[in-house]
Amino acid sequence: MHDLPQQLANGLILGAMYGLIAIGYTMVYGIVQLINFAHGEIFMIGGFGALAAWLLLPDGTSIALALPLMLLMGMMASVLVGVGAERFAYRPLRGGPRLAPLITAIGLSIALQQAIWAFYPDAKKARPFPQIGGGPIDLGPFSVQRGELFLIAAAPICMITLALFVAKSRTGRAMQATSQDPDTAKLMGINTDRIIVTAFAIGAAFAAIAAIAHGLKYGQVEFKMGFIAGLKAFTAAVLGGIGNIYGAMIGGLVLGLSEAMATAYIEFIPGMELFGGGAWKDVWAFVLLILVLLLRPQGLLGERVADRA
């Protein structure tokens, strides 16, 4: 039990990353009722965009100086792909059978993954990602890796900024109106196409921030990393209540904590010795999803943010 504070910290940090990715799923679904299964690959492209920025800098550049440029290029890459996907893959199918954009999203996910594999230099293997130097920082009962400091700072800043944007800005209120009733929003003069593009762009930008946090935490990026991360972020969005941006972050934190606790402690339960360790961490995430769908299918918060505004 003396490891419990460390496991809780690990779970919260991991959950914050899931939550940042999940916001992209839930914002898009809340407005256009679309599950963008290509969002995991948009996350992955943000990581490779940030890596490209690092590789363009002179040797010996400090990671502290490089990080703003990496953030900018990673977010630009993700937003460009996300907005392009909305414009050319999803918008032509809007109003059609709901199965069509779902299949398109899966196909786009595979296409983006293979494009990075084929065209990004040396992407057939994991690419090393720049690291923040130094050992872990001791915070009493637990410690954090220096690569995790970025995520610890970025997650609450992003969440607070998004909350203020949705609640206070003109565009944010238009997003709420479009989410609640897009036809009436059009009659009130809201450009719903622009609002939908904005939702894709914000979700993609948050995914890029999460991808940089992933690279700093694990020391590498690879073309396959969006698949599992995307599935877990979708799980987090469903846990919190799909379409609820605050629920997405809460769902991510719950998922991260559950994964960390199950990985560390499940083997100590009599009869569960075979199910402990990191090999089963992905399984427990989806076990949690099944339980939530059985017991509370609307998610932990349930309602969309627009319904509460």
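Residues numbered from 1 in each chain as written. Predicted model: local features only at pLDDT ≥ 70, side-chain atom pairs only at ≥ 80, totals over all residues. Heavy atoms only, no water.

1. As for the overall build of the protein chain
Part 1: Of regular secondary structure, the protein chain possesses 12 helices and four strands.
Part 2: Taking 2.2 N^0.38 as the reference for a compact globule, 309 residues should give roughly 19 Å; the C-alpha atoms of the protein chain span a radius of gyration of 19 Å, in line with that estimate.
Part 3: A principal-axis box enclosing the C-alpha atoms of the protein chain has dimensions of 60 × 50 × 35 Å.
Part 4: Evaluated residue by residue, the protein chain yields a buried proportion of 47% over its 309 residues. (Helix = DSSP H or I, 4+ residues; strand = E, 2+ residues; numbered from the N terminus. Rg over C-alpha atoms; globule rule 2.2 N^0.38 Å. Buried < 20%, exposed > 50% of the residue type's maximum accessible area, 1.4 Å probe, protein only.)

2. Describing the pattern of salt bridges
Part 1: Applying the stated criterion across every chain, the model contains seven salt bridges.
Part 2: Across the salt bridge formed by Glu86 and Arg94, the nearest N and O atoms sit 2.5 Å from each other.
Part 3: For Glu86, a relative accessible area of 1% translates into the label buried.
Part 4: Of the charged contacts in the structure, one is a salt bridge between Lys232 and Glu259, with a shortest N-O distance of 3.0 Å. Of the two residues, Lys232 is situated in helix H9 (residues 225-240) and Glu259 in helix H10 (residues 245-265); the sequence distance between them amounts to 27 residues. (Salt bridge = Lys/Arg side-chain N within 4 Å of Asp/Glu carboxyl O.)

3. Brief notes about the confidence of the model for the protein chain
Part 1: Residues with a pLDDT of 70 or more make up 94% of the protein chain, whose mean pLDDT is 90.
Part 2: This model gives residues 305-309 a pLDDT under 50, and the stretch forms 12 contacts once residues within four places in sequence are excluded. (pLDDT = per-residue confidence, 0-100. Contact = heavy atoms within 4.5 Å.)

4. Some thoughts on the packing of aromatic side chains
Part 1: Inspection of every chain in the model, using the stated rule, returns four aromatic pairs.
Part 2: Ring centres 4.7 Å apart and planes at 70° place the aromatic pair Phe48 and Tyr120 in the edge-to-face group. One end of the pair, Phe48, is in helix H2 (residues 39-56); the other, Tyr120, is in the loop between helix H4 (99-119) and strand S1 (127-128), with 72 residues separating them in the sequence. In this pair, the class of Phe48 matches that of Tyr120, namely buried.
Part 3: Ring pairing ties together the aromatic residues Tyr25, Phe37 and Phe234, which thus form one cluster.
Part 4: Over the ring of Phe88 we find Arg87; its NZ or CZ atom is 5.6 Å from the centre of that ring. (Phe/Tyr/Trp six-rings, centres within 6.5 Å; stacked < 30°, edge-to-face > 60°. Lys NZ or Arg CZ within 6 Å of the ring centre and 35° of its normal.)

5. A short note on the packing of helix H3 (residues 63-90) against helix H8 (residues 192-218)
Part 1: Between H3 and H8, the shortest axis-to-axis distance is 8 Å and the interhelical angle comes to 140°. If you check the angle between H3 and H8, you find them oblique. The way H3 lies across H8 gives a crossing that is right-handed. On the side of H3, the interface is formed by Leu67, Met70, Leu71, Gly74, Met75, Ser78, Val79, Gly82, Val83, Glu86 and Tyr90, while H8 contributes Ile196, Val197, Phe200, Ala201, Ala204, Ala205, Ala208, Ile209, Ile212 and Leu216.
Part 2: Residues belonging to the contact of H3 with H8 are distributed by class as follows: 17 nonpolar, three polar and one charged. (Axes fitted to C-alpha atoms, helices over the stretch in contact; angles between N-to-C directions. Parallel < 35°, antiparallel > 145°, perpendicular 65-115°, else oblique. Left-handed = near helix turned anticlockwise from the far one by under 90°. Nonpolar A, V, L, I, M, F, W, Y, C, P; charged D, E, K, R; others polar.)

6. A short note on the nonpolar core
Part 1: Leu20 and Tyr90 are the most contacted members of the largest nonpolar core, which has 80 residues in total.
Part 2: In terms of residues, this core owes the most to one element, helix H1 (residues 4-32), which gives 14 residues.
Part 3: Excluding residues that lie within four positions of it along the chain, Leu20 makes contacts with Leu151, Ala155, Cys158, Phe206, Ala207, Ile209, Ala210 and Met249. (Core = buried A, V, L, I, M, F, W, Y, C linked by side-chain atoms within 4.5 Å.)

7. A closer look at the environment of His214
Part 1: Tracing the backbone shows His214 in helix H8.
Part 2: C-alpha of His214 to C-alpha of Met44: the two residues are 170 residues apart in sequence and 9.6 Å apart in space.
Part 3: Other than its neighbours up to four places away in sequence, His214 contacts Met17, Phe43, Gly219, Gln220 and Met225.

8. Section: H8
Part 1: Between its terminal C-alpha atoms H8 stretches 39 Å, which fits the 39 Å expected from 27 residues at 1.5 Å a residue.
Part 2: Of the residues flanking the start of H8, the one acting as N-cap is Asn191, its side-chain oxygen 3.2 Å from the backbone nitrogen of Asp193.
Part 3: A positive backbone phi angle near 80° is found at Gly219, which sits one or two residues after H8. (Expected span 1.5 Å × (residues − 1). Polar contact = N/O pair within 3.5 Å; in protein donor to acceptor, adjacent residues only side chain to side chain.)

9. Digging into the side chain of Thr198
Part 1: Its place among the elements puts Thr198 in helix H8.
Part 2: Thr198 has contacts with Thr171 and Met175, leaving out every residue within four places of it along the chain.

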